[in-house]
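Okay, here's what each chain looks like letter by letter:
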Amino acid sequence: MSAADSPTPVDSAHARTDSAHSRVDSAQNPTDSAPVKELSAKEAKKRRRREPPPDPEPLPGLVDAHTHLAACGGRDPESVRAILDHADAVGVGQVITVADDMIDARWAVDAARWDERAFAAVALHPTHAGDLDDAARAELEQMATDPRVVAIGETGLDYYWPGRSESAAEPAVQKDAFAWHIDLAKRVGKPLMIHNREADRDLLDILAAEGSPDVVIMHCFSGDRNVARECIDRGYLLSFAGTVTFANAAELREAARLVPVEQILVETDAPFLTAHPYRGQPNQSYCLPYTARGLADIRQTDDVTMARQLGVNARRVYRLPLR
């Protein structure tokens, strides 16, 4: 998921908290000042949404299978290092930072060169499929061969935004761009990272018609158990974000229980989709243990074993070096 998936992107690296109290004129007698008004429930909720979650207990061995470092404030070597140091401190040793548009693709490749713990995925998000002109194709083809680029993505279909956003590509344009990205992944021999929003059947049909690459990753999987079974039978990997921990995600949790242990990944999709109980607050890779522990609970295994397997799977499919 990307900025196109949320009407109100949050830059978690620069989240600020407003003061709760008005300043009292220093010349005024304190005994004459009005009492401080308590925050309303709405104001308190708004303030909480700007505050980053506390650090989770460390859970070693994790890989964030999908994040957006630039959207988290990682736009230079120092800020990328700070984000990854924070993640590393709680056991998230490597991350895949993902492109949304051409500018974001360049940021992703840069970040992967700035820090050995970051790797890139490049593509045009389906809502930006209209930008896939000859120049974009040539640049993405060149990026895709970079050894720091480990996947083609995120690409796929998004039927939510057309009709809601004038800038979102229409489904027919998205389908053409998706087919091109599928072919690119096969040509360079790298995993295909899928974005799917309200387009299950068309997306799976296109993958079948075009012929899937060897590795397909269903990023931020959001389908029901039937879609999960079809993806599993095709050998796809299902990557779960914080949404799997949301109170209204019972069907998604059923899907998470079905996935064979070697076909499951975990991601933040930061700066969005922070796990319960911090839903709506700024997300970063350091928050990944919350979702990993949620998956362990759902699958009735211990969190250390779950984290180890999630990390092993990510390093296998993305061909990441051991740390």
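In case you missed it, the structure is sitting above this.
Residues numbered from 1 in each chain as written. Predicted model: local features only at pLDDT ≥ 70, side-chain atom pairs only at ≥ 80, totals over all residues. Heavy atoms only, no water.

Draft legend 1. Quick peek at a positive patch on the surface. A cluster of like positive charges, contributed by Lys45, Arg48, Arg49 and Arg279, occupies part of the molecular surface. Mapped onto the secondary structure, Lys45 falls in helix α1 (residues 41–50). (Patch = residues over 30% accessible without salt bridge, like charges linked within 9 Å, V, L, I, M, F, W, Y side chains within 5 Å. Areas by Shrake-Rupley, 256 points an atom, 1.4 Å probe, with all protein chains shown as cover. Salt bridge = Lys/Arg side-chain N within 4 Å of Asp/Glu carboxyl O. Lys, Arg positive; Asp, Glu negative; His and termini not counted. Charge placed at Lys NZ, Arg CZ, Asp CG, Glu CD. Helix = DSSP H or I, 4+ residues; strand = E, 2+ residues; numbered from the N terminus.)

Draft legend 2. View of the environment of Ala71. Within the element layout of this structure, Ala71 appears in the loop between β1 (62–67) and α2 (77–89). Since its relative accessible area comes to 27%, Ala71 is described here as partly exposed. Sequence separation of Ala71 and Pro271 is 200 residues, and the distance between their C-alpha atoms is 6.5 Å. (Buried < 20%, exposed > 50% of the residue type's maximum accessible area, 1.4 Å probe, protein only.)

Draft legend 3. Geometry of the packing of aromatic side chains. For the structure shown, the criterion picks out three aromatic pairs. Look at Tyr160 and Trp161: their rings are 5.1 Å apart centre to centre, the planes differ by 90 degrees, and that puts the pair in the edge-to-face class. Between Phe221 and Phe240, the aromatic rings sit 5.9 Å apart at their centres with planes inclined by 70 degrees, giving edge-to-face as the arrangement. Of this pair, Phe221 sits in the loop between β6 (216–218) and α7 (225–233) while Phe240 is found in strand β7 (residues 237–240), placing the two residues 19 residues apart along the sequence. Exposure remark for Phe221: the relative accessible area of 3% places this residue in the buried category. (Phe/Tyr/Trp six-rings, centres within 6.5 Å; stacked < 30°, edge-to-face > 60°.)

Draft legend 4. Structural detail: α2. Taking 1.5 Å of rise per residue, the 13 residues of α2 would be expected to cover 18 Å, and the 18 Å separating its terminal C-alpha atoms lies within 8% of that figure. Every buried residue belonging to α2 is among Ser79, Val80, Ile83, Leu84 and Ala87, and all of these are buried. Viewed end-on, α2 has its buried residues packed into an arc of 125 degrees, placing them on one side of the element. α2 presents Glu78 and Ala89 as exposed residues on the side facing more than 90 degrees away from its buried surface. After α2 finishes, the residue Gly91 shows a positive phi value of roughly 105 degrees. (Expected span 1.5 Å × (residues − 1). Arc of directions from axis to C-beta.)

Draft legend 5. Seen up close, the side chain of His181. Structurally, His181 can be placed in helix α5 (residues 171–188). For His181, a relative accessible area of 0% translates into the label buried. Setting aside residues no more than four positions away along its own chain, His181 makes contact with Ala123, Leu124, Leu132, Leu140, Ile152, Thr155 and Leu192. (Contact = heavy atoms within 4.5 Å.)

Draft legend 6. Quick look at the packing of helix α4 (residues 134–144) against α5. Packing of α4 against α5 brings their axes to within 10 Å, and their N-to-C directions diverge by 30 degrees. It follows from the interaxial angle that α4 and α5 lie roughly parallel. Crossing handedness for the pair α4 and α5: right-handed. Between α4, through Arg137, Leu140, Glu141 and Ala144, and α5, the contact on the second element is made entirely by Trp180, His181, Leu184, Arg187 and Val188. Along the lines of polarity and charge, the residues of the contact of α4 with α5 split into five nonpolar, one polar and three charged. (Axes fitted to C-alpha atoms, helices over the stretch in contact; angles between N-to-C directions. Parallel < 35°, antiparallel > 145°, perpendicular 65-115°, else oblique. Left-handed = near helix turned anticlockwise from the far one by under 90°. Nonpolar A, V, L, I, M, F, W, Y, C, P; charged D, E, K, R; others polar.)

Draft legend 7. Up close: the packing of α5 against helix α6 (residues 200–210). Where α5 contacts α6, the two axes come as close as 10 Å, and the packing angle between them is 45 degrees. The angle between the axes of α5 and α6 places the two elements in the oblique class. In this structure, the crossing between α5 and α6 has a hand that is right-handed. Between α5 and α6, the residues in contact are Lys175, Phe178, Ala179, Ile182 and Lys186 and Asp202, Leu203, Ile206, Leu207 and Glu210, respectively. Residues that form the contact of α5 with α6 fall into these classes: six nonpolar, no polar and four charged.

Draft legend 8. Up close: the nonpolar core. In this structure, Leu62, Phe178, Met218, Phe221, Phe240 and Leu295 are the most contacted members of the largest nonpolar core, which totals 79 residues. Non-local contacts of Leu62, meaning those with residues more than four positions away in its chain, are made with Gly91, Val92, Gly93, Gln94, Val266, Leu288, Pro289, Ala292, Ala307 and Leu310. Grouped together as the second largest cluster of nonpolar side chains are 16 residues, Phe119, Ala151, Tyr318 and Leu320 included. (Core = buried A, V, L, I, M, F, W, Y, C linked by side-chain atoms within 4.5 Å.)

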